[in-house]
Amino acid sequence: MRQINRQDRFRGVILGTAIGDAVGLPAEGISRRRSERLFKGRWHHRLIFGRGMVSDDTEHTVFVAQSLLAHPASPEQFAGRLSRCLRWWLLSLPAGVGWATLRALIRLCVGISPGKSGVWSAGNGPAMRAAPVGAFFAESPDLRDACLRAATRITHTDPRALTGAKAVADMVARSIREGGTQRPAWPEFLSLLRSAGEGDGEWLALTERLTAAWEKGLDVREFAAELGLDRGVTGYVYHTVPVALYAWYRHFGNFSETLCAVWDCGGDTDTTGAIAGALAGAVTGESGMPHDWVSGIRDWPRSLTVLRKIADALAAKGGQPDIRPVSYPVVGVLPRNLLFLVIVLLHGMRRLLPPY
């Protein structure tokens, strides 16, 4: 496999998240069978005139990255900055806020501290925003774990949410640290997964099911069906993360096949796509992504240019401590979100029409 530099890999993590989110978004929440009937042919941007926009998966990833740039050495300050970003985000009227995240952010808004604002939920929110933490702290496992715990408990207190986030972050860290050009041997892959949920019987049982699927040569949709997800991947973190990780391992080094494999499963396609995109992007870098999937993202003010600047700042931060969060015109977020809400509602109405 070709050599890919650090900057390209960091861009791969951030842009991979955005691609998985944006291309998967129009199919979010519908069954695999309905998705196949509505969206024929190769996966591409379909949100508006053949272009795509990002949703909460990418937005939360940006907030995590910006908070790392602001406070790279203090998990407490990092969590404080992230909680402020999330409060502001809620007030900007985003579309499609998860129920657990909504409750937690309301608690933040009424003055509950970031360490106590989370609610009991094993949703996939913490996992969808974990990749920048893994990339940034690839060489610092203690800080990686501390920041993951701090970021997770802002919204989710169920230990399973942290396990899923840790599995994603640790695998991204491995790709950044090791250069990511060779797929890890299955025992190494399994060991990393098991260490993420050590002592959790349900998680360890999932790793055994992953092993069984790999040994039987199941494709990603067949593995999802083995988990009872034949109608689509749910928002439960112990569904989302294993499917994304299995797709990443099975199609290692091929960004397109990894993403298509999780989108083809149906269900929570934007979040499974975002997680798989970050994992795959850490291996392939931006240079290994289909050009039309990258250029097809037409968003503002969190544009492709801004996403690249954030990724570059994360990649350079270790050697240049004076690097700060990337500025962009936040006054544009509210009108952008209102437009985005109209587009999402139009897609919702389209889903009421055939083919069924």
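For the protein, the name recorded in an unreviewed UniProt entry is ADP-ribosylglycohydrolase family protein, with Desulfonema ishimotonii as its organism.

Chemist: I would appreciate a short explanation of the overall build of the protein in the present structure.
Modeler: Scanning the protein for helices and strands turns up 18 helices and zero strands. Here the C-alpha atoms of the protein give a radius of gyration of 18 Å, agreeing with the 21 Å that 2.2 N^0.38 yields for 356 residues. Its C-alpha atoms give the protein principal-axis dimensions of about 50 × 45 × 40 Å. Looking at the protein as a whole, 60% of its 356 residues qualify as buried. For the protein, the share of sequence-separated contacts (at least 6 apart) that also reach a separation of at least 24 residues comes to 75%.

Chemist: Help me out: how do you make sense of the UniProt feature "binding site: Mg(2+)" (unreviewed entry) in the protein in this one?
Modeler: The UniProt record annotates "binding site: Mg(2+)" (unreviewed entry) at Ser55, Asp56, Asp57, Asp268, Asp270 and Thr271. A maximum C-alpha distance of 12.6 Å among these annotated residues, which run over 217 residues, shows that they cluster at one spot. Taking the annotated residues in turn, Ser55 and Asp56 line the second largest cavity. Here Asp56 shows up in helix H3 (residues 56-70). In contact with Asp56, other than residues within four places in its own chain, are Asp21, Trp89, Gly96, Met128 and Asp270. Setting aside chain neighbours within four positions, we find Asp270 in contact with Gly20, Asp21, Gly24, Leu25, Glu28, Ser55, Asp56 and Asp57.

Chemist: Is there a simple way to explain a positive patch on the surface in this structure?
Modeler: Together, Arg33, Arg37, Lys40 and Arg231 make up a positively charged patch on the protein surface. By secondary structure assignment, the location of Arg231 is in the loop between helix H12 (220-226) and helix H13 (237-250).

Chemist: Teacher, can you tell me more about the packing of helix H14 (residues 255-263) against helix H15 (residues 269-284) here?
Modeler: The relative placement of two packed helices comes down to the angle between their axes together with the axis-to-axis distance. Packing of H14 against H15 brings their axes to within 9 Å, and their N-to-C directions diverge by 165°. Relative to H15, the element H14 lies roughly antiparallel. Considering the relative orientation of H14 and H15, their crossing is right-handed. Residues Phe255, Thr258, Leu259, Val262 and Trp263 of H14 form the contact with H15, whose participating residues are Thr269, Thr272, Gly273, Ala276, Gly277, Ala280, Gly281 and Thr284. Here the residues of the contact of H14 with H15 sort into six nonpolar, seven polar and no charged.

Chemist: What's the story with unusual backbone geometry in this structure? I'm lost.
Modeler: Across the chain, the bulk of peptide bonds are trans and the bulk of non-glycine residues have phi less than zero. Cis geometry marks the peptide bond from Trp300 to Pro301; its omega dihedral reads 5°. Looking at where Pro301 falls in the secondary structure, it is placed in the loop between helix H16 (291-295) and helix H17 (304-317). Following Pro354, the chain continues to Pro355 via a peptide bond in cis, the omega torsion being 5°. Mapping Pro355 onto the fold places it in the segment after helix H18 (333-350). Of note in the backbone geometry, Phe49 takes a positive phi value of approximately 55° without being a glycine.

Chemist: I would appreciate a short explanation of helix H9 (residues 159-178) in the present structure.
Modeler: Helical periodicity: at 3.6 residues per turn, an α-helix aligns residues three or four positions apart in one direction. The first and last C-alpha atoms of H9 sit 28 Å apart over 20 residues, in line with the 28 Å expected at 1.5 Å per residue. In terms of burial, H9 is a largely internal element, 15 of the 20 residues being buried. Following H9 by one or two positions, Gly179 has its phi on the positive side, about 90°.

Chemist: Please explain the packing of aromatic side chains as it appears in this structure.
Modeler: For any two aromatic rings, the description comes down to two numbers: the centre-to-centre distance and the angle of the planes. Overall, the coordinates contain 16 aromatic pairs when judged by the stated rule. Relative to Trp263, the ring of Trp43 lies with its centre 5.4 Å away and its plane at 40°, an arrangement referred to as tilted. Placement of Trp43 in the loop between helix H2 (32-38) and H3 and of Trp263 in helix H14 is noted, with a sequence separation of 220 residues between them. Ring centres of Trp186 and Tyr249 lie 5.0 Å apart, and the angle between their planes is 85°; on these two criteria the pair is classed as edge-to-face. Of this pair, Trp186 sits in helix H10 (residues 186-196) while Tyr249 is found in helix H13, placing the two residues 63 residues apart along the sequence. Judged by relative accessible area, which is 13%, Trp186 ranks as buried.

Chemist: Just checking my understanding: could you explain the pattern of salt bridges for this structure?
Modeler: Close approach of charged atoms allows side chains with opposite charge to pair. For the structure shown, the criterion picks out 17 salt bridges. Sharing partners across several salt bridges, the network here consists of Arg11, Glu286, Arg308 and Asp312.

Chemist: Looking at this model, I keep getting lost on the packing of H13 against H14. Mind explaining?
Modeler: Put simply, H13 and H14 touch, their axes get as near as 8 Å, and they point 145° apart. The chirality of how H13 crosses H14 is right-handed. In this structure, H13 uses Val243, Ala244, Ala247 and Trp248 to contact H14, whose residues at the interface are Thr258, Ala261 and Val262. Here the residues of the contact of H13 with H14 are counted per class, giving six nonpolar, one polar and no charged.

Chemist: Got a minute to help me understand H17 in this structure?
Modeler: Its 14 residues give H17 an end-to-end C-alpha distance of 20 Å, which sits within 8% of 20 Å, the value for a rise of 1.5 Å per residue. Counting buried residues in H17 gives ten out of 14 residues, a clear majority hidden from the surface. Inspection of H17 places Leu304, Val306, Leu307, Ile310, Ala311, Asp312, Ala313, Leu314, Ala315 and Lys317 among the buried residues, and these make up the whole buried set. Tucked inside the fold, the buried residues of H17 contact helix H1 (6-24), H3, helix H7 (131-136) and H16.

How each quantity is defined
- Residues numbered from 1 in each chain as written.
- Predicted model: local features only at pLDDT ≥ 70, side-chain atom pairs only at ≥ 80, totals over all residues.
- Heavy atoms only, no water.
- Helix = DSSP H or I, 4+ residues; strand = E, 2+ residues; numbered from the N terminus.
- Rg over C-alpha atoms; globule rule 2.2 N^0.38 Å.
- Buried < 20%, exposed > 50% of the residue type's maximum accessible area, 1.4 Å probe, protein only.
- Contact = heavy atoms within 4.5 Å.
- UniProt positions renumbered as here; feature names shortened; annotations may be inferred.
- 1 Å grid on protein atoms, 1.4 Å probe; cavity = no way out; pocket = protein on both sides within 12 Å on 5 of 7 lines; lining within 4 Å.
- Patch = residues over 30% accessible without salt bridge, like charges linked within 9 Å, V, L, I, M, F, W, Y side chains within 5 Å.
- Areas by Shrake-Rupley, 256 points an atom, 1.4 Å probe, with all protein chains shown as cover.
- Salt bridge = Lys/Arg side-chain N within 4 Å of Asp/Glu carboxyl O.
- Lys, Arg positive; Asp, Glu negative; His and termini not counted.
- Charge placed at Lys NZ, Arg CZ, Asp CG, Glu CD.
- Axes fitted to C-alpha atoms, helices over the stretch in contact; angles between N-to-C directions.
- Parallel < 35°, antiparallel > 145°, perpendicular 65-115°, else oblique.
- Left-handed = near helix turned anticlockwise from the far one by under 90°.
- Nonpolar A, V, L, I, M, F, W, Y, C, P; charged D, E, K, R; others polar.
- Expected span 1.5 Å × (residues − 1).
- Phe/Tyr/Trp six-rings, centres within 6.5 Å; stacked < 30°, edge-to-face > 60°.

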